[in-house]
Amino acid sequence: DMLEVAALCERGSPPAWAGDMECTKVNFRLKKQVREGLELGIDAIFEPSGLSALNAWAKVEFGRQR
């Protein structure tokens, strides 16, 4: 299981880089191992205006018989 939080903080625009430091994006990622071979996850990206993207996913692993 995993929770990851990443933030993009910027200070103005190049080349001057003037202005206050602001976080322009925050990304939350959550992964949960439901059972062996099944993992669920969600990514959510927030910008100053609110939620800008949402991605939900499932990972299923199939085993091979020998």
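K.L.:
Residue-level account of the environment of Glu-61, with values.
P.N.:
Within the secondary structure, Glu-61 sits in the segment after strand 4 (50–60). The class for Glu-61 is exposed, based on a relative accessible area of 53%. Note: C-alpha distance between Glu-61 and Glu-36 (25 residues apart in sequence) is 8.4 Å.

K.L.:
Would you mind going over the side chain of Asp-43 in detail, with residue names and values included?
P.N.:
With respect to the helices and strands, the residue Asp-43 is situated in strand 3 (residues 38–47). What makes Asp-43 buried here is its relative accessible area of 10%. Engagement of the side chain of Asp-43 in a polar contact is seen with the side chain of Arg-29, the distance being 2.7 Å.

K.L.:
So what's going on with a nonpolar patch on the surface? Residues and values would help.
P.N.:
Residues Leu-3, Val-5, Phe-28, Leu-30, Ile-42, Phe-46, Leu-51 and Leu-54 make up a contiguous nonpolar surface patch of roughly 740 Å² in combined accessible area. Going through the elements one at a time, strand 1 (2–11), strand 2 (21–35), strand 3 and strand 4 are the ones with two or more residues in the nonpolar patch. Examined against the element boundaries, Leu-54 turns out to sit in strand 4.

Calculation rules
- Residues numbered from 1 in each chain as written.
- Predicted model: local features only at pLDDT ≥ 70, side-chain atom pairs only at ≥ 80, totals over all residues.
- Heavy atoms only, no water.
- Helix = DSSP H or I, 4+ residues; strand = E, 2+ residues; numbered from the N terminus.
- Buried < 20%, exposed > 50% of the residue type's maximum accessible area, 1.4 Å probe, protein only.
- Polar contact = N/O pair within 3.5 Å; in protein donor to acceptor, adjacent residues only side chain to side chain.
- Patch = residues over 30% accessible without salt bridge, like charges linked within 9 Å, V, L, I, M, F, W, Y side chains within 5 Å.
- Areas by Shrake-Rupley, 256 points an atom, 1.4 Å probe, with all protein chains shown as cover.
- Salt bridge = Lys/Arg side-chain N within 4 Å of Asp/Glu carboxyl O.

Spatial relationships are all this shows, so hold off on functional conclusions.
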